[in-house]
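# Notes for the structure review
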Amino acid sequence: MPHTPLSVPDFAKWPSFPFEGDLRVKHLDDPVDVEPARKGEGSAECLSCNAPDDAYIWVSERWRVRAMDRPTGLPMVLILESRSHLDLGDLPNLLAAELGVMTVRLERAIRSLDGVARVHVNRWGDGSAHLHMWFLARPYGQLQLRGTFLSLWDAILPAIPESTWRENLAHVAAWLAEFGGRPLAAPPRIQWQAPSSLTQQAEAGHGLDDPATEAGAADDIASADVAGSERKQDGATSVNGTNAASVTAQSAPAADESLVAYAEAPPEVTDTAQDVTAAEDVTAPQEETVGRTGTPPDDTRKPPVRPDDRTAD
């Protein structure tokens, strides 16, 4: 008896459908009497059970999160696994409740990445017996990727840069670690570059170790400090009776000292009014003078606590 060819479904005309042109539906095979065993039906041959923790980006006592072995087309694709060799319907009440918490927590972590609009959560379970939930991030603004074909687009789109991928993995791992567990994904190393002025000097043949370059830079810094002090000369700015310009000039480091350290930590100049008061009131006790010159640091301040689901644990 000949098989009647199946018609192409309407979703082939959806904007999110990743293919176009003449399509033909495959012939549907007859059902089998006994389904084949899935991968890792027993814990002894289960790949997830035998995988070490360093194969994951985040681990805890009962859950682990892993990524693909290389970047794909979507900003992030992660898999949440139970540490115990269980399937979805085998979870005890404790793990079943935690699965809901972990699903929401991981979705929030992925959605916090730049350029992510939605996070699709899927569970198929036809390939592996060990419980694993898929989390796929849809890029912001990519409306054609909405809906049920996002996993297909992930294999079609060009892979994102590996540096961006690793940075996203480290971000998600650190986000999850705020609620417990251990983050195992490290961000990529930062490629430090010299400022443009130093780069131009290097191109001109003057390295950072060139004495002429260091001396010239030191002269520029000293000249700028002296010029700034001269502009403040009319204000009678003094420190313990000493002109501020002389203090600045004396505080400038030599040419062989670190210019960067000097630029980041300029000489401190105390408030003029406080110094004059301290000089005139010679009879004031030392304790009172110290009390007027500054206030003790406030060690009672606490960092703000952002709303989260910590109480869910």
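In case you missed it, the structure is sitting above this.
Now for a quick tour of the structure.

### A look at the overall build of the protein
Helix and strand content of the protein: 10 helices and eight strands. Out of the 313 residues in the protein, the part that is buried amounts to 27%. Considering only contacts within the protein whose residues lie at least 6 apart along the sequence, 60% involve residues at least 24 apart. As displayed, the protein offers around 21800 Å² of accessible surface, 54% of which is attributable to carbon and sulfur atoms.

### Thoughts on the pattern of salt bridges
Taken as a whole, this structure holds 12 salt bridges when the rule is applied. We note a salt bridge from Glu-81 to Arg-66, for which the minimum N-O separation is 2.6 Å. Of this pair, Glu-81 sits in strand 3 (residues 77-82) while Arg-66 sits in strand 2 (residues 63-67), placing them 15 residues apart in sequence. One salt-bridge network, held together by shared partners, links Arg-38, Glu-41, Asp-87 and Arg-123.

### Quick notes on a nonpolar patch on the surface
On the surface, a cluster of nonpolar side chains totalling about 700 Å² of accessible area is made up of Leu-6, Val-8, Phe-19, Leu-23, Val-25, Leu-28, Leu-152 and Ile-156. Mapped onto the secondary structure, Val-25 falls in the segment before helix 1 (47-50).

### What about the environment of Thr-164?
Relative to the elements of secondary structure, Thr-164 occurs in helix 4 (residues 162-177). For Thr-164, a relative accessible area of 33% gives the class partly exposed.

### Observations concerning the sheet that holds strand 6 (residues 182-183)
If you trace the six strands from one edge of the open sheet to the other, you get 4-5-3-2-1-6, paired in antiparallel fashion. Edge positions in the open sheet fall to strand 4 (116-122) and strand 6, since each of these has one partner strand only. Across six bridges, strand 4 lies against strand 5 (residues 132-139) in antiparallel orientation. Each bridged residue has a counterpart across the sheet, and for Asn-122 the counterpart in strand 5 is Trp-134.

### Examining the nonpolar core
The biggest cluster of nonpolar side chains holds 31 residues, and the ones touching the most others in it are Ile-57, Leu-78, Leu-80, Leu-106, Ile-110 and Val-172. Ignoring anything within four residues of it in the chain, the contact list for Ile-57 reads Val-65, Arg-66, Ala-67, Leu-78, Leu-169, Val-172, Ala-173, Arg-182, Pro-183, Leu-184 and Ala-185.

### Notes on helix 2 (residues 93-111)
The first and last C-alpha atoms of helix 2 sit 27 Å apart over 19 residues, in line with the 27 Å expected at 1.5 Å per residue. Taken together, the buried positions of helix 2 are occupied by Leu-95, Glu-98, Leu-99, Met-102, Thr-103, Arg-105, Leu-106, Glu-107, Ala-109 and Ile-110.

### Focus on the packing of aromatic side chains
Two numbers describe a pair of aromatic rings. These are the distance of the centres and the angle of the planes. A complete count under the given rule lists four aromatic pairs for this structure. Relative to Phe-149, the ring of Phe-17 lies with its centre 5.4 Å away and its plane at 80°, an arrangement referred to as edge-to-face. Of the two residues, Phe-17 is situated in the segment before helix 1 and Phe-149 in the loop between strand 5 and helix 3 (150-156); the sequence distance between them amounts to 132 residues. Where Trp-124 meets Trp-134, the ring centres are 6.3 Å apart and the plane angle is 65°; that geometry is what we call edge-to-face. Taken together, the positions of Trp-124 in the loop between strand 4 and strand 5 and Trp-134 in strand 5 put the pair 10 residues apart, joining distant regions of the chain. Trp-124 gets classed as partly exposed once you look at its relative accessible area, which sits at 47%. Members of the aromatic cluster, each reached through a chain of ring pairs, are Phe-17, Phe-19 and Phe-149.

### A word on the pairing of strand 5
Counted residue by residue, strand 5 has seven buried out of eight residues, so it is predominantly covered. Of the strand pairs in this sheet, strand 3 and strand 5 are connected by five bridges, and their pairing is antiparallel. The residue of strand 5 that forms the bridge with Leu-78 is Phe-135.

### What to know about the side chain of His-130
Tracing the backbone shows His-130 in the loop between strand 4 and strand 5. Assessed through its relative accessible area of 1%, His-130 is described here as buried. Only 3.3 Å separates the side chain of His-130 from the side chain of His-85, close enough to count as a polar contact. Leave out the neighbours within four places in its chain, and His-130 touches Cys-46, Ser-48, Cys-49, Glu-81, Ser-82, Arg-83, Ser-84, His-85 and Leu-86.

Scoring rules and cut-offs
Residues numbered from 1 in each chain as written. Predicted model: local features only at pLDDT ≥ 70, side-chain atom pairs only at ≥ 80, totals over all residues. Heavy atoms only, no water. Helix = DSSP H or I, 4+ residues; strand = E, 2+ residues; numbered from the N terminus. Buried < 20%, exposed > 50% of the residue type's maximum accessible area, 1.4 Å probe, protein only. Contact = heavy atoms within 4.5 Å. Areas by Shrake-Rupley, 256 points an atom, 1.4 Å probe, with all protein chains shown as cover. Salt bridge = Lys/Arg side-chain N within 4 Å of Asp/Glu carboxyl O. Patch = residues over 30% accessible without salt bridge, like charges linked within 9 Å, V, L, I, M, F, W, Y side chains within 5 Å. Pairing = 2+ DSSP bridges. Core = buried A, V, L, I, M, F, W, Y, C linked by side-chain atoms within 4.5 Å. Expected span 1.5 Å × (residues − 1). Phe/Tyr/Trp six-rings, centres within 6.5 Å; stacked < 30°, edge-to-face > 60°. Polar contact = N/O pair within 3.5 Å; in protein donor to acceptor, adjacent residues only side chain to side chain.

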